[in-house]
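Below are the chains, spelled out letter by letter.
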2 protein chains.
Amino acid sequence: MKNQMVSKEKMKKLIDVAAGRIPADLVIKNCRTINVFSGKISEGDIAFAGGLIAGIGDYEGIEEVDAEGRYAAPGFIDSHIHIESSYVSPEEIGRLLVPHGTTTIMADPHEIVNVCGISGLEYMIKAAENTALDVKYELPSCVPATPFEHSGAIIDAGIIEKLVGNDNIAGLGEFMDFPGVINGTDEALAKIAAAKAVGKFVDGHIPGVTGKALSAYAAAGIAADHECSTVEEMNERLERGMYILLRQGSACHDLRTLLQGVTGENSRRCLLCSDDRQPRTIIHEGHIDNHLRICVEEGLDPVTAIRMATLNAAECFDMKDRGAVAPGYRGDVVLLDELKDFNVNRVFIEGKLAAEEGRYLPAVSKCDINAVKGSVTLKDFSKDKFKMNLSSNRVNVIKILPGGVVTAKEIEEIQLDEEGEFIRNPQVDIVKTAVVERHKETGNVACGFLKGYGIKDGAIALSIAHDSHNIIVVGVDDSEMEFAVKTLADQGGGIVLTREGEVIENMPLPIAGLMSDRSGEWVEQKLTDIHFKAKEQLGISGDVEPVMTLCFMSLAVIPEIKLTDMGLFDVTQMSFIPVEAE
Amino acid sequence: MKNQMVSKEKMKKLIDVAAGRIPADLVIKNCRTINVFSGKISEGDIAFAGGLIAGIGDYEGIEEVDAEGRYAAPGFIDSHIHIESSYVSPEEIGRLLVPHGTTTIMADPHEIVNVCGISGLEYMIKAAENTALDVKYELPSCVPATPFEHSGAIIDAGIIEKLVGNDNIAGLGEFMDFPGVINGTDEALAKIAAAKAVGKFVDGHIPGVTGKALSAYAAAGIAADHECSTVEEMNERLERGMYILLRQGSACHDLRTLLQGVTGENSRRCLLCSDDRQPRTIIHEGHIDNHLRICVEEGLDPVTAIRMATLNAAECFDMKDRGAVAPGYRGDVVLLDELKDFNVNRVFIEGKLAAEEGRYLPAVSKCDINAVKGSVTLKDFSKDKFKMNLSSNRVNVIKILPGGVVTAKEIEEIQLDEEGEFIRNPQVDIVKTAVVERHKETGNVACGFLKGYGIKDGAIALSIAHDSHNIIVVGVDDSEMEFAVKTLADQGGGIVLTREGEVIENMPLPIAGLMSDRSGEWVEQKLTDIHFKAKEQLGISGDVEPVMTLCFMSLAVIPEIKLTDMGLFDVTQMSFIPVEAE
């Protein structure tokens, strides 16, 4: 990326300020600046000019603010995040994250591109112009994520070749098709070669793979992995030259475990990321400031931790203009009360105050969402599509395993009517579930059975179903399910809870059926209400996360059994199986 | 630089080898591989495919060599070197350096470009194709180095804009015009902006500057400095985001001093370089292997030292394809007997054995030098040009201070004839010296007086005179000086020693008057003979380095008084002064 490009005129002013010949635009007086290069802390002022840092020392500014001896750190970088997982727009994620000290995120718009294709990416880029947060976008590398479901778009090697060189594309997003890389398929290698040809990085995703297969993946020159969950996995990847993104999201909590493997020798190859972080987590626990708190709790030196959130990330992703408080660097500075709780006092972005004591300061204007609205399109849909016409009452069911997104395949005997249709027994916790294709008017609907969800009344439907984001619905009968799906389509996607033909709660997500155009606080409240009513009014089990459980029910790479719009899928065999058991 | 670009076909083979599906081109069995990422040493084989490293572990190869348990390190990188200072061609520098484990050099062809302009650079690039050593070239940023002498070429911002984006240009060479940067001159900033606009680095050179002036230089985004001679200077630059190149050349020995400032916290920002290294030093002391030996002698951990010679340099200069022994990296590997003396056993470059037990293995063919030959052109030259027509016998003399290149300005009374011409007194160690312009047929000749050189007979002339490389001549009378200059011109430059109209020793340097087309060993022997005869036959003082002293006599940035083709120059006043003292 040509992100060091500074015009001659801007450079001239910067140099004049640095040399003390003219006053700075802004000076933060009285800082203790953390120097990520030397590990030392120096007392003095920070001078900004034209959005960049001119110098640290004794400076005068047209505007001056007093840091009162607080620590000044470089702005924090989240090295891998899907904005869509926060259910809010890029403008709103900026408003949520900046007060926590985050000034740059490396975002992979994988979800919206699965729904809207490149116009989804274009919307995300445009929306991000409305926030002080610097949102760098990766081009999603694997859309669809698997060939086992219908997505809204296909991003093949040809499209990647055409787009990856664009200035607003930082690199290629997490390369989830690791079997493709390890086996050297033409399509996978063409995508990687296209990125390399224009000097862009390729981000990785390789859970569980070890040994020579891992070497094969690393040999393709893939820069990073955020899927380590053990120190052994981390070391194996790091030794092969991959940067390690230590993840702390809403669902995945790898950070504390992986910190046990961070040493003075290897820490420069370690970064911090959240991957998926819901508004609730951001509001109550924070963002990268939360990661730093955990790092120090686990015994890491605070400056080493800050490097993981700044310099190391900048190095990994070729962002030479940031990651340090030093002359010529972007004016992204976080003032911290101390280096233990990492309480963020003020945040400066490009030399301007952007947040103070938890409040985001710039006015929030949002870009038009028409291009990504109305993403839920049904074809010939009615409850007739839920008919299964089963030839056996011994069926494969998806058994929910509480506390995660892994499922178990079980065989159960159910009751059928004379047409081979399911008759639900309220005494048995088995219900029908369906995936309704919503992108391409295929009319595809696939049905299966869910065990352990606990639902006793009504239905729940959502348009968030990784990674293709078709509609997933669960209900006590076909009519309830039909009503839920139709209501969801009418509101343009999101989440709907219905009972006896009434909507009892709903969260419209007009942006691609994935994101709200409202605030993070609104989303948080809605999700709280949905969780409450899912349990209280639909009777969904207390030990099941009612939304997240369904969001990952279609993801045909997570064991053991999933349902997509194309049918019931056995992940361990990597093949579709009939609902009827053998 | 797009130096990660690997074709799909090459990637496919690499992955197949890494995964163990097909045998490697070459396997080094039984290594102890130094992992620069983790700091650990792992036992196993190194597999190469298509010139790259496929994997480390248990591999089979079409060809196999046994490392017998030796350490395997990444190929060493010299982060800043002027090939011209070794007086040999790029082909020959490769032959000299590779057996010492050096596989990449970052070369600034500043000297030849001062003489030949861009055709000098083109020759250097072409010549480097004939060596296994990977020579990366920087585009010289400051030609001429000062406006106080005539060089063979001017590389202005316009030329830099045109060339810096070329694929065979790594970045912009050491920005010696630090006053230009600090003062923000249009020309200096235009050059830097041109490099930044195409994503290239700008190397630095900023001796002695501190405080806000240093911040101004760093604010321009200059990547590195190799001119630190104290730990304080090093820390000040490092904290401003500049990489520090710890220098150990033939003349400048900063390494041991600076190592006292290298810590676990800052070492990732430290690199190794030689800057100027003569064949004698290379042959007798080595190259980066010598730096590593010194690092360990000074108490540095060997893996940290190796990182300075590998990963850190690769990071500083955006060479993502090298600096580690890991899958996907260039097949540049050095086998070391141990990690103390750093005795180099074998060197592999791009997966091929390139040196063994001190011998360079590839056949050496050299490229045509016609484009850079015949660089010494005189205009209307005769000894009449040495006439000074002085109006006073009180003159400013250049006093040589032994052991360095700094001089002192002194006033002496000399004897003059009736025409105001110098009459040498053999009892007094003051002789005439002259600089003869050799590039542009200006006919310029400037004369001055040298004290403390000791010459008692004949003359010495050379075409190496930093940075414009005009002819510098010293002799006991005008006729001897004339003969020396004419002989030098006839041989196309180099060094000549004459006495009583006879050449007593000479070293032709046909390549731009700076480099020999012969071997490093030949150059070493010639320089030894020249030094010997300079003392024995011309009587030059034993405490003066007869060649180097003159090489820097024209460099109008080193205090206190210098002589260029334009006249006598007082560096402390930054102005020309008359030979006659006030």
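Residues numbered from 1 in each chain as written. Chains lettered and ligands numbered in written order. Predicted model: local features only at pLDDT ≥ 70, side-chain atom pairs only at ≥ 80, totals over all residues. Heavy atoms only, no water.

A.B. asks: Got a minute to help me understand the overall build of chain A in this structure?
C.D. replies: Helix and strand counts for chain A stand at 17 helices and 30 strands. Rg of the C-alpha trace for chain A: 25 Å, near the compact-globule value of 25 Å for 582 residues, within the 12% margin. Considering only C-alpha atoms, chain A reaches an extent of 90 × 50 × 45 Å along its principal axes. Buried residues in chain A amount to 64% of all 582 residues. (Helix = DSSP H or I, 4+ residues; strand = E, 2+ residues; numbered from the N terminus. Rg over C-alpha atoms; globule rule 2.2 N^0.38 Å. Buried < 20%, exposed > 50% of the residue type's maximum accessible area, 1.4 Å probe, protein only.)

A.B. asks: Before we go on, may I ask you to explain the confidence of the model for chain A in this structure?
C.D. replies: When pLDDT drops low, the exact placement of atoms in the prediction is not to be read closely. Looking at chain A, pLDDT values average 96 and 99% of them are 70 or higher. Interface confidence in the predicted complex, given as ipTM, is 0.95; pTM for the same model is 0.96. (pLDDT = per-residue confidence, 0-100.)

A.B. asks: Please clarify how the pattern of salt bridges should be interpreted in this entry.
C.D. replies: Two side chains with opposite charge may pair up if their charged atoms get near one another. A complete count under the given rule lists 75 salt bridges over all chains for this structure. For Arg-269 of chain A, the salt bridge is made with Glu-315 of chain B, and the minimal N-O distance between the two is 3.6 Å. With Arg-269 of chain A in the loop between helix H10 (255–259) and strand E13 (270–273) and Glu-315 of chain B in helix H14 (residues 311–316), the pair connects residues from two separate chains. For Glu-315 of chain B, a relative accessible area of 16% gives the class buried. Measuring nitrogen to oxygen at the nearest pair gives 3.2 Å for the salt bridge that ties Asp-570 of chain A to Lys-409 of chain A. One end of the pair, Asp-570 of chain A, is in strand E29 (residues 567–570); the other, Lys-409 of chain A, is in strand E19 (residues 407–413), and 161 residues separate them in sequence. Exposure remark for Asp-570 of chain A: the relative accessible area of 1% places this residue in the buried category. For Lys-409 of chain A, a relative accessible area of 30% gives the class partly exposed. A single network of salt bridges, built from pairs that share partners, joins Asp-134, Lys-136, Asp-321, Arg-322, Arg-330, Asp-332 and Glu-350 of chain A. (Salt bridge = Lys/Arg side-chain N within 4 Å of Asp/Glu carboxyl O.)

A.B. asks: Would you take a moment to explain the relation of the copies chain A and chain B for this structure?
C.D. replies: Relating the two copies of this chain is a rotation about some axis coupled with a shift parallel to it. When chain A is brought onto chain B, the operation consists of a screw motion whose angular component is 180 degrees and whose axial shift is 0.0 Å, with 0.1 Å RMSD remaining. Read as a symmetry element, the transformation amounts to a two-fold axis. Take the interface residues of chain A: 100% of them recur as interface residues in chain B, which is what a same-surface contact looks like. (Least-squares fit on C-alpha atoms with pLDDT ≥ 70 in both. Contact = heavy atoms within 4.5 Å.)

A.B. asks: What is the right way to read the sheet that holds strand E24 (residues 459–462) of chain B from this model?
C.D. replies: By way of backbone hydrogen bonds, the strands of a sheet pair with one another, either parallel or antiparallel. Residue and element names in this part refer to chain B. Reading across the sheet, the eight strands line up as E19-E18-E23-E22-E25-E24-E26-E27 and stay open at both edges, with mixed pairing between neighbours. The sheet is open, and its two edges are formed by strand E19 (407–413) and strand E27 (502–508), each paired on a single side. Between one strand axis and the next, the sheet turns through 25 degrees on average, direction left out of account. Pairing geometry for strand E22 (residues 430–436) and strand E23 (residues 445–451), over seven bridges, is antiparallel. Residue pairing for E23: Ala-434 is matched across the bridge by Cys-447. Together, E22, E24, strand E25 (471–475), strand E26 (494–499) and E27 form the strand contacts of helix H15 (residues 478–490), whose direction differs from that of E26 by roughly 145 degrees. (Pairing = 2+ DSSP bridges. Axes fitted to C-alpha atoms, helices over the stretch in contact; angles between N-to-C directions.)

A.B. asks: I would appreciate a short explanation of the pairing of strand E10 (residues 201–204) of chain A in the present structure.
C.D. replies: Within a regular beta strand, the side chains point alternately toward one face of the sheet and then the other, so they alternate between its two faces. All names here are of chain A. Where burial is concerned, the two faces of E10 agree: the one with Phe-201 and Asp-203 and the one with Val-202 and Gly-204 are both buried. Two strands pair when backbone bridges link them, and strand E9 (residues 171–175) and E10 are joined in this way by three bridges, in the parallel orientation. When the sheet's bridge partners are listed, Gly-171 is paired in E10 with Phe-201.

A.B. asks: Honestly, the sheet that holds strand E26 (residues 494–499) of chain A in this entry has me stumped. Any pointers?
C.D. replies: Residues and elements named next belong to chain A. Taking strand neighbours across the sheet as the criterion, the eight strands line up as E19-E18-E23-E22-E25-E24-E26-E27 in an open arrangement whose pairing is mixed. In the strand order of this sheet, the two ends are held by E19 and strand E27 (502–508), each with one partner. Each adjacent strand pair in this sheet contributes to an overall mean axis angle of 25 degrees, direction not counted. Alignment of E26 against E27, held across six bridges, turns out to be antiparallel.

A.B. asks: Help me understand the side chain of Ser-468 of chain A in this model?
C.D. replies: All names here are of chain A. Checked against the element boundaries, Ser-468 lands in the loop between strand E24 (459–462) and strand E25 (471–475). With a relative accessible area of 0%, Ser-468 lands in the buried category. A polar side-chain atom of Ser-468 sits 3.3 Å from a polar atom in the side chain of Glu-149. If we ignore the near neighbours within four places in the chain, the residues touching Ser-468 are Asn-114, Val-115, Pro-144, Glu-149, His-150, Ser-151 and His-439. (Polar contact = N/O pair within 3.5 Å; in protein donor to acceptor, adjacent residues only side chain to side chain.)

A.B. asks: What am I meant to see in the environment of Ile-577 of chain A here?
C.D. replies: All names here are of chain A. With respect to the secondary-structure elements, Ile-577 resides in strand E30 (residues 575–577). Residue classification places Ile-577 among the buried positions, given a relative accessible area of 14%. Sequence-wise, Ile-577 and Gly-567 are ten residues apart; in three dimensions their C-alpha atoms are separated by 7.6 Å. Excluding residues within four positions of it along the chain, Ile-577 makes contact with Asn-396, Lys-409, Ile-561, Leu-568 and Asp-570.

A.B. asks: Help me understand the packing of aromatic side chains in this model?
C.D. replies: To describe a pair of aromatic rings, one takes the distance between the centres and the angle between the planes. In total, this model carries 16 aromatic pairs over all chains according to the counting rule given. Taken together, a centroid distance of 5.6 Å and an interplanar angle of 75 degrees make the contact between Phe-381 of chain B and Phe-386 of chain B edge-to-face. For Phe-381 of chain B, a relative accessible area of 12% corresponds to the buried category. Overall, the relative accessible area of 0% leaves Phe-386 of chain B in the buried class. Among the aromatic residues, those joined into a cluster by ring pairs are Phe-148, Phe-569 and Phe-576 of chain A. Above the ring of Tyr-71 of chain A, the side-chain terminus of Arg-32 of chain A is found at 4.4 Å from the ring centroid. (Phe/Tyr/Trp six-rings, centres within 6.5 Å; stacked < 30°, edge-to-face > 60°. Lys NZ or Arg CZ within 6 Å of the ring centre and 35° of its normal.)

A.B. asks: Hey, could you run me through helix H15 (residues 478–490) of chain A in this one?
C.D. replies: Structurally, the α-helix is built with 3.6 residues per turn, so residues lying three or four positions apart point the same way. Residues and elements named next belong to chain A. Under the 1.5 Å per step criterion, the end-to-end length of H15 is 18 Å for 13 residues, consistent within 8% with the ideal 18 Å. Along H15, the positions that sit buried rather than exposed are Glu-480, Met-481, Glu-482, Ala-484, Val-485, Thr-487, Leu-488 and Ala-489. Elements that come into contact with the buried residues of H15 comprise strand E22 (430–436), E24, E25, E26 and E27. Where H15 begins, the capping side chain belongs to Asp-477, and its oxygen is found 3.0 Å from the backbone nitrogen of Ser-479. Of the residues flanking the end of H15, it is Gly-492, one or two places downstream, whose phi is positive at about 80 degrees. (Expected span 1.5 Å × (residues − 1).)

A.B. asks: Can you help me understand the environment of Ser-79 of chain B in this one?
C.D. replies: Relative to the assigned elements, Ser-79 of chain B resides in strand E6 (residues 76–81). Taking C-alpha positions, Ser-79 of chain B is 10.0 Å from Asp-108 of chain B, a pair spaced 29 residues apart along the chain.

A.B. asks: Would you mind showing me how to read the state of the cysteines here?
C.D. replies: What is meant by a disulfide is a covalent connection between two cysteines, made through their sulfur atoms. All names here are of chain A. Taken as a whole and judged by the stated rule, the model has zero disulfides over all chains. Cysteine Cys-367 remains unbridged, with the sulfur of Cys-116 as its closest cysteine sulfur at 12 Å. Cys-551 supplies the cysteine sulfur nearest to Cys-447, a cysteine that is in no disulfide, at a spacing of 19 Å. For Cys-447, a relative accessible area of 10% gives the class buried. (Disulfide = S-S within 2.5 Å.)

A.B. asks: In this structure, what is going on with the interface of chain A and chain B? I would like to understand it.
C.D. replies: For an interface, size is often stated in terms of accessible area lost upon the parts coming together. Tallying the contact residues gives 62 residues for chain A and 62 residues for chain B. Summing both partners gives a buried area of about 5,300 Å² for chain A against chain B, and 51% of it is carried by carbon and sulfur. Summed over the shared surface of chain A and chain B, the result is ten salt bridges. In this structure, Arg-307 of chain B and Glu-265 of chain A form a salt bridge, with 3.0 Å as the shortest nitrogen-oxygen distance. Where chain A packs against chain B, one counts 18 residue pairs in polar contact (both at pLDDT 80 or more). Of all elements in the fold, only helix H1 (8–18), strand E3 (52–57), helix H6 (178–182), helix H7 (186–197), helix H8 (211–219), helix H9 (231–239), helix H13 (302–309) and helix H14 (311–316) of chain A reach the threshold of two or more residues within the side of chain A that touches chain B. Ranked by residue count, the leading element in the side of chain A that touches chain B is H7 of chain A, at seven residues. (Buried area = accessible area lost by both parts, 1.4 Å probe.)

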